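Okay, here's what each chain looks like letter by letter:
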Amino acid sequence: MAAALRIQSDWSRALRRDEGEAWLSCRSPGKPTLYGSLTRRGLSTEGVPDIAASEGFMVGEITKKSILVSCPHENVSTKFLAPFTTFSRIHQKSVTCLDISSGGGLGVSTSTDGTMKIWQAANGEIRRLLEGHVYDVNCCRFFPSGLVVLSGGMDAQLKIWSVEDASCAVTFQGHKGGILDTAIVDRGRNVLSCSRDGTARLWDCGKSACLGVLADCGSPVNGIAVGTADNSVNLGAPEKTPSEREIGTEGKILLLAREDKKLQGVGLQSRQPVFLFVGSDAFNCCTFLSSTYFLAGTQDGNIYQLDVRNTNAPIQVIQRSGAPVLSLLPYRDGFVASQGDGTCFIIQQDLDYVIDLTEADCDPVYKVASWEKQIYTCCRDGVVRRYQLSDL
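Given the structure is predicted, the values throughout are model-derived calculations rather than measurements.

(A) Just the layout of surface pockets, in detail. Within this model, the second largest pocket holds a volume of roughly 310 Å³. Together, 16 residues line the second largest pocket, and Ala3, Asn75, Val76, Ser77 and Val354 are the ones closest to its centre. Taken together, the residues of the lining of the second largest pocket break down into nine nonpolar, four polar and three charged.

Printed below as a string of structure tokens:
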């Protein structure tokens, strides 16, 4: 585990006041934590706060919503970013999943208040209520068109909704346990789901039928991701000729993040196992960074980066805290990760600092979505936050 800088969750509010103060800490494995603080001394002539750091810490660039802090002794720097906007009225309780449409205009989210809603991404104004699942809805995502939503629930049902009139066009039944994640193949004529029942399934949207069980793991599948595999990877051959209703499955690999500490790769068309990687704890989520690299996050805070051509050993293991990794999202030349202790951070190849998306105070950040330079998060505290990354 590398050294990690932390800051008071409401630092930007605290430092708005004259002589306002916010605490800082730098935790490094095997060493005592270094504690410190930031103090506002006034305003510069440009209207930017003049902020001083206590001993052991240094302040770099400051804007209205961000501050770069380093701990030279541990050679670590973090840019803390406060939300640009917060939406606290979309849901009444924890917001468990969210997604943003391809055009950036709409959001969809699910909550433990039992609702799934479509809202305007600019202001959080609610446009549609999607009603029809029994019990909680676990996951929701837009199709690439941005006009249709796919959702999976504790009722073991997968549903497709129209954004325009909130009607449910298709319901898929076949899973024996709650659906935990979904994925969309290409433009969305086929979709995928995984469940507590230990299976991942491929579905035909046009005929609302199951095209097959892709894997039966005997352990809950917490997350899935689909991607085009590097040409050198042997994806296996299907035992029987694929149905003509299968669209876009060729050359693709399906990742399964399993509860039994295993991360599995399966040929999407062949249904054949490609690899099996054993991690330190239950895998919660996974995502492709490219046709060769992918990431997977565990319950004990590890983010494994693996190469699909050789999964014997990870390229690297990143750990910022021991809290469960709940969401991973490719972003520009790197990724965004969110965790069960409220940390949400961005790592980019060409940046020598980590970007920390702040304000969730120890409440799990369940899911992250992005649109261009905006990142949206949803949290147990019931708030959807939007961060503006234009100043990277």
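(B) Broad picture of unusual backbone geometry. A positive phi angle, near 65°, is found at tyrosine 135, a position not held by glycine. Note that tyrosine 135 resides in the loop between strand E12 (126-129) and strand E13 (137-142). The phi torsion at arginine 271 lies on the positive side, around 65°, for a residue other than glycine. Within the secondary structure, arginine 271 is located in the loop between strand E23 (262-267) and strand E24 (273-278). By relative accessible area, which is 23% here, arginine 271 ends up partly exposed.

(C) Broad picture of the nonpolar core. Core analysis: the biggest nonpolar cluster contains 25 residues, and Val108, Leu130, Val149, Phe172 and Val191 have the highest contact counts within it. Counting only elements with at least two residues in this core, the list comes to strand E10 (106-111), strand E11 (116-120), E13, strand E14 (148-153), strand E15 (158-162), strand E16 (168-172) and strand E17 (179-185). Ranked by residues supplied to this core, first place goes to E13 with four residues. Excluding residues within four positions of it along the chain, valine 149 makes contact with Val108, Ile118, Leu130, Arg141, Phe142, Phe143, Lys159, Ile160, Trp161 and Val163.

(D) Representation of the sheet that holds E11. Strand order across the open sheet formed by four strands is E9-E10-E11-E12, with antiparallel pairing between neighbours. In this open sheet, the two edge strands, each paired with only one partner strand, are strand E9 (95-100) and E12. Ignoring strand direction, the axes of neighbouring strands in this sheet form an average angle of 25°. Pairing of E10 with E11, which is carried by five bridges, proceeds in the antiparallel orientation. Pairing of leucine 106 across the sheet is with glutamine 120, part of E11.

So, how was this worked out
- Along each chain, residues carry numbers from 1 onward, in the same order as the chain's sequence is written.
- With pLDDT at 70 or above as the cut-off, local features in this predicted model cover only qualifying residues; side-chain atom pairs require 80 or more to be listed or tallied, and sums for whole chains, interfaces and linings still use all residues.
- To get the side-chain values, take all heavy atoms of the structure and skip hydrogens and water.
- Two kinds of site are reported from a 1 Å grid over the protein atoms alone, namely cavities, where a 1.4 Å probe fits but cannot get out, and pockets, open sets with protein on both sides within 12 Å along at least five of seven lines, and residues are called lining when an atom falls within 4 Å of a point.
- Grid points are joined across faces, edges and corners, and a volume is the space filled by probe spheres set on the points.
- Note on residue categories: nonpolar means Ala, Val, Leu, Ile, Met, Phe, Trp, Tyr, Cys or Pro, charged means Asp, Glu, Lys or Arg, and polar means any other residue, Gly included.
- Runs of H or I in DSSP of at least four residues are treated as helices and runs of E of at least two as strands, each being numbered from the N terminus.
- Burial status follows relative accessibility: with a 1.4 Å probe on protein chains alone, a residue under 20% of its type maximum counts as buried, one over 50% as exposed, and anything between as partly exposed.
- As used in this record, nonpolar core signifies buried Ala, Val, Leu, Ile, Met, Phe, Trp, Tyr and Cys residues forming a set joined through side-chain atoms within 4.5 Å.
- By definition in these notes, contact holds between two residues if any of their heavy atoms fall within 4.5 Å.
- Pairs of strands are assigned from DSSP output, requiring at least two bridges between the strands.
- Note on geometry: axes are lines fitted to C-alpha atoms, helical ones only across the stretch in contact, with angles between N-to-C directions running from 0 to 180 degrees.

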